[in-house]
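Remarks on the overall topology
Single-letter residue listing:
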Amino acid sequence: MKVLITGASGFVGSHVARLLVAEGCEVYALVRESSNRWRIRDILPSMYLRQSDLVAFENVNTYLQEIKPELCIHLAWYAVPGKYLNSQENLDSIQASINLLSQLAELGCKRFVGIGTCFEYDLSLGYLSESSLTKPITLYAATKVALSTILQQFAQITEMEIAWIRLFYQYGPMEDEQRLIPSVISSLLRDEVVKTTKGEQIRDFLHIEDVASAIWAVAKSNVSGVVNVGSGQPVTVGQIALELGNLLGKPDLIHLGALPYRPNDPMFICANNELLRKKTDWTPKYNLTTGLKNTIEWYKVHLNLNKIEEI
């Protein structure tokens, strides 16, 4: 299958790209010239790479006409940790997405899979299913909801099949060190104290390889509309921190309750993933403990004091 993937150099995108290569797909990737490609360095010889910002519409459209993909998995979005939630770059991302969508439809692309977020939902509702109400409270979530709505309407007037995946929480090898799980692991590997809140927030974490395989399962299916990708297993932030402390033999370095909760931090976010399990052949490879062990082992090799090695 001829597959176009955007965002291939990112955390989620790199794992999806690696899986597509392993599955024998003809993989075409659009990446920014400024993108750091360390996550996909090993698979670059197995991909067709084109440098272009997605908002460079003329370049993008010319490339699409050249390759005429059968499937597009669209992961590219502005997602710099600590900046992305209310950045105006979200507006560029939605404009680029709409151009990509319309061009692919004109070229006869059979299927389009866009990537959304659990933050599109009303996070006060508890377990979140595809029919749960949306209530975005950041520009990031609002633009994702907007694109999801556009896709639903666009699907009514085109022959292209369209699915919208809402991701919950991911972790695993190659994640940005500023995120929760790698930040705890890296601190423990340096024998530093880990200060957290009381850790009562309940979240839904899924290993990145399982996230990638779920995205691929949806992509190769005929499922349309919104699909949640999460573990469906609630776990507290405190449980994760303590588990990491125990796995690394340093539980005394985990200081729960040392930090206050952030204002308006939701206390329960968990996916109902029944649709994913029923409509695709997806099953997870990892449980939380085996997934954390896998992640720890990767960081033991690749942690380079203050940052992940750029290999």
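Residues numbered from 1 in each chain as written. Predicted model: local features only at pLDDT ≥ 70, side-chain atom pairs only at ≥ 80, totals over all residues. Heavy atoms only, no water.

Throughout the structure, instances matching the rule amount to 9 aromatic pairs. Their ring planes at 65° and their centres at 6.3 Å tell us that Tyr171 and Phe205 sit as a pair that is edge-to-face. One end of the pair, Tyr171, is in strand β8 (residues 169–171); the other, Phe205, is in strand β11 (residues 205–207), and 34 residues separate them in sequence. The burial state of Tyr171 is the same as that of Phe205; both residues are buried. Taken together, the ring pairs in this structure connect Phe119, Tyr169, Tyr171 and Phe205 into an aromatic cluster. Above the plane of the ring of Trp77 lies Lys144, whose end atom (NZ or CZ) is 4.0 Å from the centre. Above the plane of the ring of Tyr121 lies Arg166, whose end atom (NZ or CZ) is 4.8 Å from the centre. (Phe/Tyr/Trp six-rings, centres within 6.5 Å; stacked < 30°, edge-to-face > 60°. Helix = DSSP H or I, 4+ residues; strand = E, 2+ residues; numbered from the N terminus. Buried < 20%, exposed > 50% of the residue type's maximum accessible area, 1.4 Å probe, protein only. Lys NZ or Arg CZ within 6 Å of the ring centre and 35° of its normal.)

As a further point, take the layout of surface pockets. Of the volumes computed, that of the second largest pocket is approximately 180 Å³. Together, 13 residues line the second largest pocket, and Phe205, Ser231, Gln233, Asn287 and Leu288 are the ones closest to its centre. Broken down by element, the residue count for the lining of the second largest pocket peaks at 3 residues, all from β11. Of the residues contributing to the lining of the second largest pocket, the split by class is 8 nonpolar, 4 polar and 1 charged. (1 Å grid on protein atoms, 1.4 Å probe; cavity = no way out; pocket = protein on both sides within 12 Å on 5 of 7 lines; lining within 4 Å. Points joined across faces, edges and corners; volume = space filled by probe spheres on them. Nonpolar A, V, L, I, M, F, W, Y, C, P; charged D, E, K, R; others polar.)

The next subject is the environment of Ile73. By the element assignment, Ile73 lies in strand β4 (residues 71–74). Separated by 40 residues in the primary sequence, Ile73 and Val113 place their C-alpha atoms 4.8 Å from one another. Non-local contacts of Ile73, meaning those with residues more than four positions away in its chain, are made with Val3, Leu4, Ile5, Thr6, Val16, Leu20, Val113, Ile215 and Ala219. (Contact = heavy atoms within 4.5 Å.)

So, on to the confidence of the model for the protein chain. Per-residue pLDDT for the protein chain has a mean of 95; in total, 97% of the residues score no lower than 70. Counted against residues more than four places away or in other chains, residues 305–311, with its pLDDT under 50, gives 22 contacts. (pLDDT = per-residue confidence, 0-100.)

The sheet built from 7 strands is open, its strands ordered β3-β2-β1-β4-β5-β7-β12 with parallel pairing. Two strands in the sheet have a free side with no partner beyond their single neighbour: β3 (48–51) and β12 (225–229). Strand-to-strand, the axes of this sheet are offset by a mean angle of 20°, without reference to chain direction. In the packing of helix α2 (residues 57–67) onto the sheet, contacts are made with β1 (2–6), β2 (26–31) and β3, and the angle to β2 comes to roughly 175°. (Pairing = 2+ DSSP bridges. Axes fitted to C-alpha atoms, helices over the stretch in contact; angles between N-to-C directions.)

In this structure, Asp191 is a non-glycine residue whose phi angle is positive, near 60°. Topologically, Asp191 is positioned in the loop between α5 (180–189) and β9 (194–195). Looking at Asp191, the relative accessible area reads 53%, which means it is exposed. Even without being glycine, Asn264 reaches a positive phi, approximately 65°. By secondary structure assignment, the location of Asn264 is in the loop between β14 (254–255) and β15 (270–271). Relative accessible area serves as the criterion here: at 74%, Asn264 is assigned to the exposed category.

Formed by 57 residues in total, the largest nonpolar core has its most connected members in Leu4, Leu104, Phe112 and Leu244. Counting residues per element, this core draws most heavily on helix α3 (residues 89–106), at 5 residues. The next biggest cluster of nonpolar side chains, apart from the first, holds 38 residues, and it includes Val12, Ile43, Leu71 and Ile115. (Core = buried A, V, L, I, M, F, W, Y, C linked by side-chain atoms within 4.5 Å.)

Turning next to the packing of α5 against helix α9 (residues 288–302). The geometry of α5 relative to α9 is characterised by a closest axis approach of 10 Å and an angle of 55° between their N-to-C directions. On the basis of the axis angle, α5 is oblique to α9. The element α5 and its partner α9 pack so that their crossing is right-handed. From α5, Ile181, Pro182, Ile185 and Leu189 reach across to α9, where they touch Leu292, Thr295, Ile296, Tyr299 and Lys300. Looking at the contact of α5 with α9 residue by residue, the classes come out as 7 nonpolar, 1 polar and 1 charged. (Parallel < 35°, antiparallel > 145°, perpendicular 65-115°, else oblique. Left-handed = near helix turned anticlockwise from the far one by under 90°.)

Right, let's talk about the packing of α2 against α3 for a bit. Closest axis-to-axis distance for the α2/α3 pair is 10 Å, and the angle between their directions is 30°. The pairing of α2 with α3 is recorded here as roughly parallel in orientation. The element α2 and its partner α3 pack so that their crossing is right-handed. Facing Phe57, Val60, Asn61, Leu64 and Gln65 of α2, the residues of α3 in contact are Gln95, Ala96, Asn99, Leu100, Gln103 and Leu104.

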